[in-house]
Amino acid sequence: MAEDKKDYTMKGIYFMLLLSILAACKKAEELHFDHAGNIHFNLGAGDKDSIVYTFAYTPTLSRDTIWLPVQLAGIQVNKDRSFSAYVETDSSTAKSGIHYEPLKSAYTLRADTGRAYLPVIIYNVADLENESVSLVIKLKGSNDLGIEIPTADDGSSLLRAKIVFSAMLEQPNWWNMWLGSYYSRTKHQLFLIVTGVTQLTTVGLDAPRNLYLANLLTTMLNDPFKWVANNPAKGYVLEASGDDYYFYNKENPARKILLRKNAAAGKYYFIDENGEEVN
């Protein structure tokens, strides 16, 4: 009799556990399938604070696109859905139409997918050589998709993305060894244009190569007109402006370098960001 009672009790426990599991599954299913679709940015750990971009090594590039990944929280459906975003101007220093292309009114999350990308087109303009600008973008709800998303585990917002971009060059540790004690971003940019090399070593055994590259720049500075004529494939031109010239790439005329004549020396010199002659 005791064994039968024990067996009955165990069956009751199993039955109650089964009911609890079924109820939990039903609740989870309801949450999964009935909850409205929402979106959020799916940025990597290193990009949550800000996405940093530089045009410094691509002076001929007039624009580029930053692709912000957007993630669906909810079920996929077999039709396209739209979502929206806006620039938080109070928190941004980048100017619309100057540093970036205005955002579109809506973007598309394709049917049967849970991922999309928000394209942000940024411009490589002259003032980026001297300063960086920031662009804060936030998602907003639409008729198709909401933004009812909590913050990430680290406390960062899942609805906000920040892009910091510039075209500023920084003096590398090898500069003085091969190119002299005076550094300017303009001279650095000209070195990149002439050589196509972004990095030199500080190893003495590399002196023949490094001095050869430095001499390529010197040759160009001594006669920029001849260099332009001999390197048409690079796409650079010298445009007359009175007695002076502007040096720029045809693909990006917004990034110009002044070439000014020194009457006393009877020679043209590029003028750097400090107003000094590059030599």
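The structure this text deals with has already been given above.
Residues numbered from 1 in each chain as written. Predicted model: local features only at pLDDT ≥ 70, side-chain atom pairs only at ≥ 80, totals over all residues. Heavy atoms only, no water.

(A) Here's a closer look at the overall build of the protein chain. A count of helices and strands for the protein chain gives five helices and 13 strands. Looking at the protein chain as a whole, 38% of its 279 residues qualify as buried. When the accessible area of the protein chain is evaluated, it comes to approximately 16,200 Å², of which 52% is carbon and sulfur surface. (Helix = DSSP H or I, 4+ residues; strand = E, 2+ residues; numbered from the N terminus. Buried < 20%, exposed > 50% of the residue type's maximum accessible area, 1.4 Å probe, protein only. Areas by Shrake-Rupley, 256 points an atom, 1.4 Å probe, with all protein chains shown as cover.)

(B) Spatial organisation of the packing of helix H3 (residues 185-195) against helix H4 (residues 207-222). Contact geometry of H3 with H4 gives a least axis separation of 9 Å together with a crossing angle of 105°. Classified by the interaxial angle, the pair formed by H3 and H4 is roughly perpendicular. Of H4, the residues touching H3 (which contributes Lys187, Leu190, Phe191, Val194 and Thr195) are Leu213, Ala214, Leu216, Leu217, Met220 and Leu221. Across the contact of H3 with H4, the residue classes break down as nine nonpolar, one polar and one charged. (Axes fitted to C-alpha atoms, helices over the stretch in contact; angles between N-to-C directions. Parallel < 35°, antiparallel > 145°, perpendicular 65-115°, else oblique. Contact = heavy atoms within 4.5 Å. Nonpolar A, V, L, I, M, F, W, Y, C, P; charged D, E, K, R; others polar.)

(C) The pattern of salt bridges, seen in detail. If you walk through the whole model with that rule in mind, you get five salt bridges. The closest approach of N and O atoms between Glu101 and Arg63, which form a salt bridge, is 3.6 Å. Of this pair, Glu101 sits in the loop between strand S4 (81-87) and strand S5 (107-109) while Arg63 sits in strand S3 (residues 63-73), and the two are 38 residues apart along the sequence. According to the relative accessible area criterion, Glu101 is partly exposed, its value standing at 26%. For Arg63, a relative accessible area of 41% puts it in the partly exposed group. (Salt bridge = Lys/Arg side-chain N within 4 Å of Asp/Glu carboxyl O.)

(D) Highlighting the sheet that holds strand S9 (residues 236-241). With antiparallel pairing, five strands are arranged side by side in an open sheet as S9-S10-S11-S12-S13. Where the open sheet ends on each side, the last strands, each with one partner, are S9 and strand S13 (277-278). Where strand S10 (residues 244-249) meets strand S11 (residues 252-262), four bridges bridge the pair, whose relative direction is antiparallel. In the sheet register, Phe247 faces S11, and the bridge partner there is Ile257. On top of the sheet, H3 reaches S9, S10, S11, strand S12 (267-271) and S13; it is set at about 110° to S11, its chief contact. H4 rests against S10, S12 and S13 of the sheet, and its axis sits at about 120° to S12. (Pairing = 2+ DSSP bridges.)

(E) Fine view of H4. Between its first and last C-alpha atoms H4 spans 22 Å; for 16 residues at 1.5 Å apiece the expected length is 22 Å, and the two agree. The set of residues buried in H4 consists of Ala207, Asn210, Leu213, Ala214, Leu217, Met220 and Leu221. Projection of H4 onto a plane perpendicular to its axis shows the buried side chains occupying an angular sector of 160°, all on one side. Seen from the open side of H4, the exposed residues pointing more than 90 degrees away from its buried face are Pro208 and Tyr212. Those residues of H4 that are buried are in contact with helix H2 (175-179), H3, helix H5 (224-230), S10, S12 and S13. (Expected span 1.5 Å × (residues − 1). Arc of directions from axis to C-beta.)

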